[in-house]
Amino acid sequence: MAYLLDYIKSRWAPKGSVVTAGVPPEARVEQVPVTRELVARHLAASTLLPQHEATETAIFKALSDPLFLQTGPRALAQQLIGAGLSADLEPLVKLLTVLTQEVTRRMYIEAASQRPEAIGIRIFPLHADADPAIQALCAADAHGLGSGVYPFTAVPDNPTPGQPCAFYIRVVTQD
């Protein structure tokens, strides 16, 4: 039975560096859209982690490798700590989870912008009782595209650094 499972896994395993982000093979990125600014912004809000340039650099390098999406936040945190990063596991896992969500959101937006029928991104609050700032972002029509719709170049960043984003996104297409 184990042989059969191994065979199935080997035959049907997705190929390419970025496989778990929902990106089709023809649209996979060679470079992950992570920046030092993104890492620094979320690290600064993660007060239980060391606020050193070495910490920022280690996290940035780890997230720059497309394989980090396959590794997952917990395993990546364990690897970073094993490689000498002085941090507690759980706060590091939380930060890496937030950063993974941010990077995959950016990849989704980047891939969606290549679709000829797509005109922007609509954001929706995760919860009905969302923070007033999130509700305002989701209700705004600052670009004349409709309530909560933003052009690809103006999609708001996560307004709560160090925390999971409180809105989700969908592609808006021309009718």
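(A) Structural context of the overall build of the chain. The number of helices and strands found in the chain is seven helices and three strands. Counting across all 175 residues of the chain, residues that qualify as buried make up 37%. Across the chain, every contact between residues at least 6 apart in sequence was considered, and the portion connecting residues at least 24 apart equals 67%.

(B) Broad picture of the pattern of salt bridges. Throughout the structure, instances matching the rule amount to five salt bridges. Between Arg106 and Asp157 there is a salt bridge, and its shortest N-O distance comes to 4.0 Å. Placement of the pair is Arg106 in helix α6 (residues 89-112) and Asp157 in the loop between β2 (149-150) and β3 (167-173), with a sequence separation of 51 residues. Taking relative accessible area as the criterion, Arg106 reaches 27% and is therefore assigned partly exposed. Judged by its relative accessible area of 46%, Asp157 falls in the partly exposed class. A salt bridge links Glu117 to Arg115; the shortest N-O distance between them is 2.9 Å. The class for Glu117 is partly exposed, based on a relative accessible area of 33%. On the accessibility criterion, Arg115 (36% relative accessible area) is partly exposed.

(C) Spatial organisation of the side chain of Thr55. Secondary-structure assignment places Thr55 in helix α3 (residues 53-64). Among the polar contacts made by the side chain of Thr55, one reaches the main-chain carbonyl oxygen of Pro50 at a distance of 3.5 Å. Dropping the residues within four chain positions of it, Thr55 is found in contact with Leu43, Pro50 and Leu85.

(D) Summary view of the sheet that holds β2. Taking strand neighbours across the sheet as the criterion, the three strands line up as β2-β1-β3 in an open arrangement whose pairing is antiparallel. Where the open sheet ends on each side, the last strands, each with one partner, are β2 and β3. In this sheet, β2 lies alongside strand β1 (residues 118-125) in antiparallel orientation, the contact comprising two bridges. For Arg122, the partnering residue across the bridge sits in β2 and is Val149. Contacts from α6 reach β1 and β3 within the one sheet, and its direction differs from that of β3 by about 5°.

(E) The state of the cysteines, seen in detail. If you walk through the whole model with that rule in mind, you get zero disulfides. Its sulfur unpaired, Cys138 is 8.7 Å from the next cysteine sulfur, which belongs to Cys165. Given a relative accessible area of 11%, Cys138 falls into the buried group. Since its relative accessible area comes to 6%, Cys165 is described here as buried.

Analysis parameters
- Residues numbered from 1 in each chain as written.
- Predicted model: local features only at pLDDT ≥ 70, side-chain atom pairs only at ≥ 80, totals over all residues.
- Heavy atoms only, no water.
- Helix = DSSP H or I, 4+ residues; strand = E, 2+ residues; numbered from the N terminus.
- Buried < 20%, exposed > 50% of the residue type's maximum accessible area, 1.4 Å probe, protein only.
- Contact = heavy atoms within 4.5 Å.
- Salt bridge = Lys/Arg side-chain N within 4 Å of Asp/Glu carboxyl O.
- Polar contact = N/O pair within 3.5 Å; in protein donor to acceptor, adjacent residues only side chain to side chain.
- Pairing = 2+ DSSP bridges.
- Axes fitted to C-alpha atoms, helices over the stretch in contact; angles between N-to-C directions.
- Disulfide = S-S within 2.5 Å.

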